[in-house]
Each structure stands twice: as structure tokens, then as C-alpha cells.
Amino acid sequence: MSDLNQRLEAAPVVPLIDESDANRAVATAKALGEGGLGVIEVVLRSEGALEGMKAIIELGGDLVVGAGTVLTLGQAKEVHQAGAQFIVCPGLVDEIAEYCLAEGIPFFPGTMTAGEVQRAYALGLREVKFFPASLAGGVPMLKAFGSVFREMRFMPTGGVSPGNLGEFLALPHVLACGGSWLTPKDAIEAGDYAAVTQLAREAVAIARTARG
């Protein structure tokens, strides 16, 4: 089992950091770590996101930092060179998958149909993102996928919340859940990082209950 998977087994929740300011990104990562979540996805949705990811990586310690919303092969190479420890895409792109497999980078492409999951399987992937989870059929769809794609593990993201987190994590073929509810913009902009830490602690508690 990889180090990433071991960390996700211990705390199967991946918070998303969507922040253009590197200082706020670092403070948010620290707050999440204090709450028990040490695997973090920095989404590339703003010009400063990459610098924020680099700054978090430079913290060192126990944080495992990946890049999300990676859209092109060029971006995948850039974030890998910058130190990203895993890569997440909103969709499945063969050339990114092939690059990550060749480089040994954990890769979670977005899938929402049986055809996309089967394509990922054919490429050699055994772990994928299920996105957008709530719109793509949620828990019932994942139960159906699990009965067919028995070697696949999923990371539902998009519409995951404290209200349904436990239900997702109770599925044996769910590796972890991703979510932005853990990093509310209003709290971060106000400097209320204690709120972020509390949300992380609540998520860890829900995960422990769901996983027994």
C-alpha cells in the first residue's frame, strides 16, 4: 500500500484548497492538519494557486499535497515538477493518465459513467475520482459501480457534505471523499482558521464512525 493510501485509510477525507493567496493557502493547510487531515488537494483555479501549493509543500512535515483541477498534460508535468504528490483531474484524459502511470504519480481522473470507469480500468488505473458525485448519482450509482468494477476504488467529490459523508465512506470501494466544505471562503478571508480546524475534526469523527 502506498504512503498516500495509508494516510487515506487513517483519515479518508481530502479537503480542497482554492486560494490565490499563498499565505492564506499555507494557513489553511496548517489548520486542516491540526484538525487531523493531512492529505490536501490544492485546486488550480486561480493564478496564484500553484505558488500556494509550492508554499504548502515547503512546510514539510506530515502533509501530503496534491494538485487538483489539472486540465492538460503540460499542467500535469508542471505540478509534478513543483512537488505535487498526487494529481486530480475533473475528467479522464488518456495522455495525462499515461504520463502519471509512467512516472508513478498517484492519479485520480474524474469519472461519472460506466464507460469512463471502464476506460480508466483499461488504461491501468484502479483508483478514480467520482465527479460530480451528487449529480452523477451519488451513493446508489457508486453501489452499482462497485458491483461491476470490483477492483476499482473511488473518491467521490462534488456535493459531499457532513450530511452524506458517512454514507459515502461506508461503501467498501470508496477510498476517500473530497470536499470544499472544509475550507469555507468566508472563514478563511476573515482569518478564522479555528473554524477550518473544527470542520476538519468533525469530518475525521464522521469518518471514524463510518469506517468503524
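Residues numbered from 1 in each chain as written. Predicted model: local features only at pLDDT ≥ 70, side-chain atom pairs only at ≥ 80, totals over all residues. Heavy atoms only, no water.

**Student:** Give me the lowdown on the pattern of salt bridges, citing residues and values where you can.
**Tutor:** A full pass over the atoms with the stated rule returns five salt bridges. A salt bridge links Arg24 to Glu19, with the nearest nitrogen and oxygen atoms 3.1 Å apart. With relative accessibility at 7%, the residue Glu19 sits in the buried group. Residue Glu51 pairs with Lys54 through a salt bridge whose shortest N-O separation is 3.5 Å. (Salt bridge = Lys/Arg side-chain N within 4 Å of Asp/Glu carboxyl O. Buried < 20%, exposed > 50% of the residue type's maximum accessible area, 1.4 Å probe, protein only.)

**Student:** I'd like to hear about the packing of aromatic side chains, residue by residue, with values.
**Tutor:** Tallied over the entire structure, the rule returns four aromatic pairs. Taking the centre distance of 6.2 Å and the plane angle of 85° together, the rings of Phe86 and Phe108 count as edge-to-face. Placement of the pair is Phe86 in the loop between helix 4 (73-81) and strand 4 (87-88) and Phe108 in strand 5 (residues 107-108), with a sequence separation of 22 residues. Considering the side-chain rings of Phe130 and Phe145, the 5.9 Å spacing of their centres and the 85° angle between planes classify their relative orientation as edge-to-face. Within this pair, whereas Phe130 is found in strand 7 (residues 127-130), its partner Phe145 is found in helix 7 (residues 138-148), the two being separated by 15 residues in sequence. Phe145 matches Phe130 in its accessibility class, with the two residues each being buried. Joined through ring pairs, the aromatic side chains of Phe130, Phe145, Phe149 and Phe154 make up one cluster. In this structure, Lys129 packs its charged tip against the face of Phe131, placed 4.4 Å from the ring centre. (Phe/Tyr/Trp six-rings, centres within 6.5 Å; stacked < 30°, edge-to-face > 60°. Helix = DSSP H or I, 4+ residues; strand = E, 2+ residues; numbered from the N terminus. Lys NZ or Arg CZ within 6 Å of the ring centre and 35° of its normal.)

**Student:** Account for the pairing of strand 8 (residues 153-156), naming residues and giving values.
**Tutor:** Pairing analysis gives four bridges linking strand 7 to strand 8, with the strands arranged parallel. The partner of Lys129 across the bridge, within strand 8, is Met155. The handedness of the strand 7 to strand 8 crossover, carried by helix 7, is right-handed. (Pairing = 2+ DSSP bridges. Right-handed = clockwise from strand over helix to strand, strands pointing away.)

**Student:** Break down the packing of helix 2 (residues 22-34) against helix 10 (residues 193-211) for me, citing the residues and quoting the values.
**Tutor:** Following both chains from N to C, one finds helix 2 and helix 10 inclined at 40°, their axes separated by 7 Å at the closest point. Considering their axes alone, helix 2 and helix 10 lie oblique with respect to each other. In this structure, helix 2 crosses over helix 10, and the sense of that crossing is right-handed. From helix 2, Arg24, Ala27, Thr28, Ala31, Leu32 and Glu34 reach across to helix 10, where they touch Tyr193, Val196, Thr197, Ala200 and Arg201. (Axes fitted to C-alpha atoms, helices over the stretch in contact; angles between N-to-C directions. Parallel < 35°, antiparallel > 145°, perpendicular 65-115°, else oblique. Left-handed = near helix turned anticlockwise from the far one by under 90°. Contact = heavy atoms within 4.5 Å.)

**Student:** Please set out the pairing of strand 7 residue by residue, giving values where relevant.
**Tutor:** A two-sided burial pattern is seen for strand 7, the buried positions comprising Glu127 and Lys129 on one face and Val128 and Phe130 on the other. Bridge analysis of strand 6 (residues 110-111) against strand 7 gives two bridges, and the strand direction is parallel. Each residue of the ladder has a partner; that of Gly110, found in strand 7, is Lys129. Considered for its hand, the β-α-β crossover made up of strand 6, helix 6 (residues 114-123) and strand 7 is right-handed.

**Student:** Tell me about the environment of Gly52, and please be specific about residues and values.
**Tutor:** Tracing the sequence through the fold places Gly52 in helix 3 (residues 49-59). Here the alpha-carbon distance between Gly52 and Ala29, two residues 23 residues apart in the chain, equals 9.9 Å. Beyond its immediate sequence surroundings of up to four residues, Gly52 is in contact with Ala22 and Ala25.

**Student:** Tell me about helix 3, and please be specific about residues and values.
**Tutor:** Because an α-helix completes one turn every 3.6 residues, residues spaced three or four positions apart along the sequence face the same direction. Residues Ala49, Leu50, Gly52, Met53, Ala55 and Ile56 constitute the buried set of helix 3. A positive backbone phi angle near 70° is found at Gly60, which sits one or two residues after helix 3.

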